[in-house]
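Commentary on secondary and tertiary structure
The primary structure of each chain is shown beneath.
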Amino acid sequence: MVSARRASFLKGMLIGSISWALVTTFSRIHIRLGSPTRDHRHHHLRPPSGREFNISQGTRAELSKSIRVFCIILREPEYESSWTMLRETWPKHCDQAEVYGAQSDRSFGIKRNGQWEHLRETYNDAFEKYGHNFTWFFLALPTTFAVIENLKYFLLTKDASQPFYLGHTIMSGDLEYVAVEGGIVLSVEALRRFHRLLNKHEMCANRSVIWNFSFDKQLAVCLKYAGVFAENAEDYEGRDVFNTKPIADLIQEAMSSNSQPIVKGCCSDIAITFNGLTPQKMEVMMYGVYRLRAFGHHFSDTLVFLPPNGSEND
Amino acid sequence: MASKSWLNLLTFLCGSAIGFFLCSQLFSILLGEQGDTQPKILHNDPHARHSDDSGQNHLAGQMNFNADASQHKDENTDIAENLYQKVRILCWVMTGPQNLEKKAKHVKATWAQRCNKVLFMSSEENKDFPTVGLKTKEGRDQLYWKTIKAFQYVHDHYLEDADWFMKADDDTYVILDNLRWLLSKYSPEQPIYFGRRFKPYVKQGYMSGGAGYVLSKEALKRFIDAFKTEKCTHSSSIEDLALGKCMEVMNVEAGDSRDTTGKETFHPFVPEHHLIKSYLPRTFWYWNYNYYPSVEGPGCCSDLAISFHYVDSTTMYELEYLVYHLRAYGYLYRYQPALPENILKEVSQVNKNEDSKVKLGNP
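Presented here is an overview of the structure given in this document. A quick note: this is a predicted structure, and the numbers were derived from the prediction, not measured.

Here we come to the overall build of chain A. A count of helical and extended segments in chain A gives 10 helices and 13 strands. A fraction of 81% describes how many contacts in chain A between residues 6 or more apart in sequence connect residues 24 or more apart. Of the roughly 14200 Å² that chain A leaves accessible, carbon and sulfur atoms contribute 53%.

Set out below in structure tokens:
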């Protein structure tokens, strides 16, 4: 009796092990087939390597003009008055820049779902009006300073007909999303897919708050359905080029978090954004980026960008 | 019989469950954390983290922006290097024992490295930092005395090691490359000195102490001589004014340090104070002191600015970053100043065989 029982126990174990093996094998295959095709696999993006270029002056100018960036600045009620000042700073360097304010009075005392709705409407509008004319769409808060030339350089070798969604990313559990404070970059393909989702699927159109998510997280959730994944943009040292804080904060943080008395520089030479700036600080950045420099230092860059017409501060 | 087979079945099921469980555990132990095949990028910054205690200005460490040479591999510094050889500048920084860790350290970590020679002047000697001990007391009323002694020390020990002699405070940020560009147009044998020119009290004007000033070799010789021959007084509570008066007495010219478009290069405040219209109130002393017409807004400041004052430790690094590191890729600057003829010829010679696309004089 006992041996029969033991035999059946052992048979059971054997069957159990085999079934475990089968289950895991099949589930792995399922995951691979099931996931949407990734157009590009990296989660970290880098600027062009520089060795790729050896071109004439004329081609340089053409190349520089081929990357067309449309800038969206989200207007927020508390920053109303500063738009007039902001407009005279970095947005002049976009191929085109528009400020998108929330339509109705509901936006004052704006709540999370209001911001998400505003973002959807903004992107929807931007795609419909400008999707045919621009290859990249850069969205920023009114407290963010951006160096569009560095953005264009970063995007130089990236194909806008691929779905790119990049910026300063943050992991929230399993979700990687681009923090709006650092600026959100969408290729025209990514924006096209988002637009399609908004109009054809229930998923993003009507859903209000997912587990109390901020609107930049909501965007990431939605874009995932379209096979668009967030990627963190870095320079060759692995430093973020999109920053959610001002330079002074980054300096202080780098120095306080490092136990060594002498730390390496905090920030990238080709940084694209800094956040947390007042309109006054924007003017200082204009001077610091587009004017102030050391005599006798020359760069031979692949791209060439001319100063905008009729301004003094750059 | 039924109960026996039922019991057998139960045993069988137990066995299979245990077998299943054991296998999965065994595999996970053997292969470690298999799970996710994609790299998980964990960012340290949560969504909204507030910056460090803003009341604290004291930066404990130092930052070396220049440790990242790889970001500058496409940078051509021939002209800057040529000027470094041609226009030798000795910098001396006015500091004190209580400021070495708080302020002077950050000067040393940033712009001071670009001087041909730098000395930190304090009332006491400090061999570790190092500082020169002037054997004076500390305090605002000692500034002129410290200045005289500092220039005396420089004259006695380093006169032949430099062409120009710059004085700065430990809260002044100086852009040496731009200072060399200014001075390259003049000879060190000329009796001349430069800085932010103020107009009151001295006919030809005098240079603001905080914004820093630089004397030619001849000017330094005359300044030292003035005390030997007692043409200038030793005591004054206003350092920059006293020096300015002495310069006038000794026929040292107060130079015009503005750039070729008339924009100021030496600044008594940080960029923000000059760039923002109405930042400084109309009643502020500054408006009455400036020798040349004061300008607010973008016209306040040259692209090739030489100095800023009242710079705290964080701003030292921020300026270092803005001047020498952060740039707009591919941007063609509006202001394209020319090099002096002699320097241009020299650098052209050197670059004759190199890529002619490198435009000289387009920094």
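Moving on: the pattern of salt bridges. Considering all chains together, one arrives at 24 salt bridges over all chains under this definition. When the shortest N-O distance is used, the salt bridge between A:R293 and B:D303 registers 2.9 Å. Taken together, the residues span two chains, with A:R293 in the loop between α10 (279-290) and β13 (298-299) and B:D303 in the loop between α9 (286-289) and β13 (307-309). B:D303 gets classed as buried once you look at its relative accessible area, which sits at 6%. B:R334 is paired through a salt bridge with A:D314; the nearest N and O atoms lie 2.7 Å apart.

Listed as interface residues are 95 residues of chain A and, on the opposing side, 89 residues of chain B. In total, chain A and chain B occlude about 8500 Å² of area from one another, counting both sides; carbon and sulfur atoms represent 60% of this. Run the count over chain A and chain B and you get 5 salt bridges. Linking A:K281 and B:E272 is a salt bridge whose minimum nitrogen-to-oxygen distance equals 2.7 Å. Of all elements in the fold, only α1 (2-34), α5 (148-155), β7 (169-172), β8 (175-178), α9 (247-257), β11 (262-264), α10 and β13 of chain A reach the threshold of two or more residues within the side of chain A that touches chain B. Counting residues per element, the side of chain A that touches chain B draws most heavily on α1(A), at 14 residues.

All names here are of chain B. At their nearest, the axes of helix α4 (residues 143-158) and helix α7 (residues 239-249) sit 8 Å apart, and the two run at 50 degrees to each other. Judged on the interaxial angle alone, α7 and α4 are oblique. Here α4 and α7 pass one another in a crossing that is right-handed. Here α4 contributes L143, Y144, T147 and F151 to the contact with α7, which in turn contributes E239, A242, L243 and C246. Counted by class, the contact of α4 with α7 contains 6 nonpolar, 1 polar and 1 charged residues.

This part takes up the sheet that holds strand β11 (residues 213-216) of chain B. All names here are of chain B. Ordered by their spatial adjacency, 7 strands build an open sheet running β5-β4-β3-β6-β11-β8-β12, and the pairing between neighbours is mixed. Every interior strand has two partners, whereas the edge strands, β5 (132-133) and β12 (253-254), have only one. Pairing analysis gives 3 bridges linking strand β8 (residues 192-195) to β11, with the strands arranged antiparallel. Counted as the bridge partner of G195 is Y213 from β11.

Residues and elements named next belong to chain A. Two elements in contact, helix α6 (residues 188-200) and helix α8 (residues 215-225), have axes whose closest approach is 9 Å; the angle formed by their N-to-C orientations is 90 degrees. Regarding the angle of α6 to α8, the classification is roughly perpendicular. Contact residues: α6 offers A190, F194 and L197, while α8 offers L219, C222, L223 and Y225. By residue class, the composition of the contact of α6 with α8 is 7 nonpolar, no polar and no charged.

All names here are of chain B. Here helix α10 (residues 313-324) contains 12 residues, and its C-alpha end-to-end distance of 17 Å stays within 8% of the 16 Å for a straight helix at 1.5 Å per residue. Within α10, 12 of the 12 residues are buried, leaving the element largely enclosed by the surrounding structure. For α10, every residue scored as buried is listed here: S313, T314, T315, M316, Y317, E318, L319, E320, Y321, L322, V323 and Y324. The distance from a side-chain oxygen at the start of α10 to the backbone nitrogen of T314 is 3.1 Å, and the residue carrying that oxygen is D312.

Reading guide: rules and limits
- Residues numbered from 1 in each chain as written.
- Chains lettered and ligands numbered in written order.
- Predicted model: local features only at pLDDT ≥ 70, side-chain atom pairs only at ≥ 80, totals over all residues.
- Heavy atoms only, no water.
- Helix = DSSP H or I, 4+ residues; strand = E, 2+ residues; numbered from the N terminus.
- Contact = heavy atoms within 4.5 Å.
- Areas by Shrake-Rupley, 256 points an atom, 1.4 Å probe, with all protein chains shown as cover.
- Salt bridge = Lys/Arg side-chain N within 4 Å of Asp/Glu carboxyl O.
- Buried < 20%, exposed > 50% of the residue type's maximum accessible area, 1.4 Å probe, protein only.
- Buried area = accessible area lost by both parts, 1.4 Å probe.
- Axes fitted to C-alpha atoms, helices over the stretch in contact; angles between N-to-C directions.
- Parallel < 35°, antiparallel > 145°, perpendicular 65-115°, else oblique.
- Left-handed = near helix turned anticlockwise from the far one by under 90°.
- Nonpolar A, V, L, I, M, F, W, Y, C, P; charged D, E, K, R; others polar.
- Pairing = 2+ DSSP bridges.
- Expected span 1.5 Å × (residues − 1).
- Polar contact = N/O pair within 3.5 Å; in protein donor to acceptor, adjacent residues only side chain to side chain.

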